[in-house]
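Tertiary structure, described
Single-letter residue listing:
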Number of protein chains: 4
Amino acid sequence: MPNPIPVIINGAAGKMGREVIKAVAQAPDLTLVGAVDRNPAWLGQDAGELAGIEPLEIPITDQLEPTLGMAVQERELGVMVDFTHPSGVYHNVRSAIAYGIRPVVGTTGLSSEQIQDLAEFADKASTGCLIIPNFSIGVVLLQQAALQASRHFDHVEIIELHHNQKADAPSGTAIQTAELLAEMGKTYNPAQVQETETIPGVRGGLAAENIRIHSVRLPGLIAHQEVIFGAPGQIYTLRHDTSDRACYMPGVLLAIRKVTQLKNLVYGLEKIL
Amino acid sequence: MPNPIPVIINGAAGKMGREVIKAVAQAPDLTLVGAVDRNPAWLGQDAGELAGIEPLEIPITDQLEPTLGMAVQERELGVMVDFTHPSGVYHNVRSAIAYGIRPVVGTTGLSSEQIQDLAEFADKASTGCLIIPNFSIGVVLLQQAALQASRHFDHVEIIELHHNQKADAPSGTAIQTAELLAEMGKTYNPAQVQETETIPGVRGGLAAENIRIHSVRLPGLIAHQEVIFGAPGQIYTLRHDTSDRACYMPGVLLAIRKVTQLKNLVYGLEKIL
Amino acid sequence: MPNPIPVIINGAAGKMGREVIKAVAQAPDLTLVGAVDRNPAWLGQDAGELAGIEPLEIPITDQLEPTLGMAVQERELGVMVDFTHPSGVYHNVRSAIAYGIRPVVGTTGLSSEQIQDLAEFADKASTGCLIIPNFSIGVVLLQQAALQASRHFDHVEIIELHHNQKADAPSGTAIQTAELLAEMGKTYNPAQVQETETIPGVRGGLAAENIRIHSVRLPGLIAHQEVIFGAPGQIYTLRHDTSDRACYMPGVLLAIRKVTQLKNLVYGLEKIL
Amino acid sequence: MPNPIPVIINGAAGKMGREVIKAVAQAPDLTLVGAVDRNPAWLGQDAGELAGIEPLEIPITDQLEPTLGMAVQERELGVMVDFTHPSGVYHNVRSAIAYGIRPVVGTTGLSSEQIQDLAEFADKASTGCLIIPNFSIGVVLLQQAALQASRHFDHVEIIELHHNQKADAPSGTAIQTAELLAEMGKTYNPAQVQETETIPGVRGGLAAENIRIHSVRLPGLIAHQEVIFGAPGQIYTLRHDTSDRACYMPGVLLAIRKVTQLKNLVYGLEKIL
């Protein structure tokens, strides 16, 4: 068996960070070597205890660069998982690549220019880098199945359902699904009749290429997406239900393993499935 | 066993009329005595054959009043089922009551004033009359279950889904469900956050008392309604799917049997369930 | 405003107990006066901190009777909520009634004889007592709506879906739903054809009165129940999804408030809705 | 625009046959040149009128071979669509290939040996031949999406729901889905606990590789299949609903167009999607 892959978690004390600590600790082919978090409340705490598991003898630090440096000295092919803030993520990724540490980025908010710039930087350094806006393998499978279906169905609507503490509608994932479908180069839902809304908004919101999205918000819901395709005599429905952050961990672990085999920047979980 | 209840069907050649011919012919406690339709195309045809069953020896006529008169001479307690047009239904109902025949009215379009007027007319004549905007027992059960749920849940949204040849949105049934819930005297869905629609309309249309309705239109759908209640930690969903006009027949037969026991006008299937 | 109702929680350190501490602490008309748990690990800890909220200055004790005694001295009309173990619940309820404290019992495992005995005891003492096998208002609403539907539908099947760490199938709630439907005094699902199972078990398990139950077990599921009624041309579905223990708290709070108005033992949440 | 493809329908008076007549008549790139049916009741009737559309001046004949012969004389690259009976289909396909007419076979019941034999025959004649057990593009998309999902999910169960006049359970399509998943070479649903059925059969029937199938039968249902994948924190559901035979026509038309480009026998709609 090869040496385990050393992993540094940046943003270790956040909700996703703690989940990643647990997942990495339980994966036999990975080993946690550093846990960084800017929040002073957790400074010096044991990463394992913070995540609600056994002590891992990795104290939380607030210094990324020394952690990267130390990791480099000790082992090869390290990976940094970043779940921090839009403001710092660009710098974090550059630092990691500069140290030869492969970044797996779950933090959102990088601009297209920043991503382009990081891609060039990773390319020059021949260092793998993964930017993954959504680590849910289930959502990516749903989106890929939707793309396949769109080749044979001309009619589709999307319903996304979330808890009522989500402020924005529609969800980013639903928009992303609609945009993927729109890239197929056709306009969906050719009208059969002249439609009338007697209550404005009941027919949902129009995303790209005439795809309608409906957003439901209720307490008791968590995060759900339904893509409904219709044709004469049949309905084909794809639905994904998220009930716990644990659902992202298979995607995170997959990304950690894959990034060590890359020599450049890759965007999106679908590229490595 | 008592004599079967004699039934006249007005609008016999329409889609609902034909379904009623079949249902009455198959009910042992009912007997078809007349079938009226204004459409000259079917004049003289046998009602049973028109409905796709065995001949019933009841030819289609275009004359309602003589049919009512003949029915009165022969038997007591007859019932007229009316699935015709908004323009003629008021007159049909008055005629039937004048002959002592009990109307069961599925035709929509009567104004509140007309219904009030017919109620007084039925009352004076001590004649039962049922006006039923929706004969679907399943939909009424759903609406009554939703009313019960609204006593314990403060959050609710409605999704209705129909084929894409339906021009108006939302469906009349969904509006009716929302109005029933609104009569509970509370405002639903108190906001937890300041909501933002990044695509206008995604959060659906606002019906009475802050209840949101979402209307989906796709080929392959028929007629579906979903009422979703939410509270912390739980979701309670009521769903009704219609796939065939046959689903209205239990309600029509129930109405025929009940109207003979009434002495006045009653509105709505829920009153006789 | 009347004095808040004093509440003792027995089994306070269990999962349900902690949830009840939170719910009582947040209800303005209730006040926590005692928290009992046999597990020595929590002895002396503050109940609020144990529940993950602010300190309530109620330390966990392992002595029920002194806690009941103290509560009686200080206030009237106290309530004991019991989420403990089948072995001790009978004795707990008798003790509470003896002290004039009203029991609200969520612990399962009382035999019919024990319940009968406690009913007589509560009756003689003119003390309210509620035994509630399922505190989920949503489930009770579903079951009552199913009973209403069973008056008009002859065909029904039940699907229950739970996480794959649940060992027994079907769920107690699904059995209870089937038994309630069976009490309507009819046999469901008259056969239309001679059915054949080419893989044994695919048609599910036969509960009372020919009602079939299907049990799905998958990781990612939590606790879900679906009752599906069918008739020609229509399907009527009732579904309840539980995602968090929080869903039981409205039922617990309702029971605490209602039990103070009772003078005898009442069984089942449906009796007080 | 190229000449339209000439099409012969064998089994033209059956339910599928009539649907195919309609679909071919409405496709501008296809032209109906023959309609064969063994049932003497329809002999000589116009195929279009039989299908409920305008007359097509193609009378129903009960002679397949002369129809094939006539088609060959007139045009090239003809296609025979066969929806007949298991007893005759092998002979029909051989005859068509002998005449150089491409068969598209929806009739089930060919044995593996017969299919192997026909494959060799088609190969020698360099004639395309499609055998399609299920023409539903939606079902094939669902099965392919399920295969993709099975690479990332280890837990899956299947629910299929049909009207209560279907005698056999589970449905052939559900068995086929389970067998496709089983071919992935892994055993699904590793147990987390020792399961107990307190009512035998509730956990469904065991198909290949530990995949459980649940079959629901109710009036009001038509034909539905649900494949549910689970993993910690997420559920991914694929569902297909059939409401009308029209749903098979896009698959039939696709097969007619594709078979003219083939030189051998191909089995399954998934091969030509």
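Residues numbered from 1 in each chain as written. Chains lettered and ligands numbered in written order. Predicted model: local features only at pLDDT ≥ 70, side-chain atom pairs only at ≥ 80, totals over all residues. Heavy atoms only, no water.

Some thoughts on the sheet that holds strand β1 (residues 5-10) of chain A
All names here are of chain A. Across the sheet, 7 strands lie side by side as β3-β2-β1-β4-β5-β6-β14; this open sheet has parallel pairing. Every interior strand has two partners, whereas the edge strands, β3 (60-61) and β14 (265-267), have only one. Of the pairings in the sheet, the one linking strand β2 (residues 30-36) to β3 comprises 2 bridges and is parallel in character. Pairing of V36 across the sheet is with T61, part of β3. The strands that helix α5 (residues 112-125) touches are β6 (129-131) and β14; relative to β14, the one it contacts most, it runs at about 145°. Where helix α8 (residues 249-259) meets the sheet, its contacts fall on β1, β2, β4 (79-82), β5 (102-105) and β6, and the angle it forms with β5 comes to roughly 155°. (Pairing = 2+ DSSP bridges. Helix = DSSP H or I, 4+ residues; strand = E, 2+ residues; numbered from the N terminus. Contact = heavy atoms within 4.5 Å. Axes fitted to C-alpha atoms, helices over the stretch in contact; angles between N-to-C directions.)

Things to note about the interface of chain A and chain B
Note on interface size: it is often stated as the accessible area lost on association of the parts. Chain A puts 48 residues into the contact, and the matching count from chain B is 48 residues. For the chain A and chain B pair, buried surface summed over both sides reaches about 3,300 Å², with 65% attributable to carbon and sulfur atoms. The interface formed by chain A and chain B includes 0 salt bridges. Here chain A and chain B share 16 residue pairs in polar contact (both at pLDDT 80 or more) between them. Sorting the residues of the side of chain A that touches chain B by element identifies β7 (155-162), β8 (168-169), β9 (196-197), β10 (205-206), β11 (212-217), β12 (223-231) and β13 (234-242) of chain A as the ones contributing at least two each. Broken down by class, the residue content of the side of chain A that touches chain B amounts to 24 nonpolar, 17 polar and 7 charged. (Buried area = accessible area lost by both parts, 1.4 Å probe. Salt bridge = Lys/Arg side-chain N within 4 Å of Asp/Glu carboxyl O. Polar contact = N/O pair within 3.5 Å; in protein donor to acceptor, adjacent residues only side chain to side chain. Nonpolar A, V, L, I, M, F, W, Y, C, P; charged D, E, K, R; others polar.)

A word on the packing of aromatic side chains
Residues and elements named next belong to chain B. One pass over the structure, following the stated rule, counts 16 aromatic pairs over all chains. Measuring from ring centre to ring centre gives 5.6 Å for F83 and F135, while their planes differ by 55°; the resulting arrangement is tilted. Taken together, the residues span a long stretch of sequence, with F83 in the loop between β4 (79-82) and α4 (86-98) and F135 in the loop between β6 (129-131) and α6 (137-150) at a distance of 52 residues. Under the relative-accessibility criterion, F83 is labelled buried at 14%. (Phe/Tyr/Trp six-rings, centres within 6.5 Å; stacked < 30°, edge-to-face > 60°. Buried < 20%, exposed > 50% of the residue type's maximum accessible area, 1.4 Å probe, protein only.)

Remarks on the relation of the copies chain D and chain A
Least-squares fitting of chain D to chain A yields an RMSD of 0.0 Å, with the transformation described by 0.0 Å of translation along the axis and a rotation of 180°. Those values place the two copies in the arrangement expected of a two-fold rotation axis. Both copies present the same face, since 100% of the interface residues in chain D are matched by interface residues at the equivalent positions in chain A. (Least-squares fit on C-alpha atoms with pLDDT ≥ 70 in both.)

Some points on the interface of chain D and chain A
Across the boundary between the two partners, chain D contributes 27 residues, which contact 27 residues of chain A. Among the residues chain D hides against chain A, the three largest losses belong to L141, Q234 and Y236 of chain D. Together they make up 26% of the total. For the pair chain D and chain A, the number of links is 0 salt bridges. Along the contact surface separating chain D from chain A lie 18 residue pairs in polar contact (both at pLDDT 80 or more). Put simply, the parts of the chain that give the side of chain D that touches chain A at least two residues each are α6 (137-150) and β13 (234-242) of chain D. When residues in the side of chain D that touches chain A are grouped by element, the largest group, 9 residues, is from β13 of chain D. In terms of residue class, the side of chain D that touches chain A is made up of 13 nonpolar, 10 polar and 4 charged. Looking at chain direction, β13 of chain A and β13 of chain D are connected through 9 bridges and run antiparallel. Looking at β13 of chain D, one finds that Y236 of chain A is bridged to H240 of chain D.

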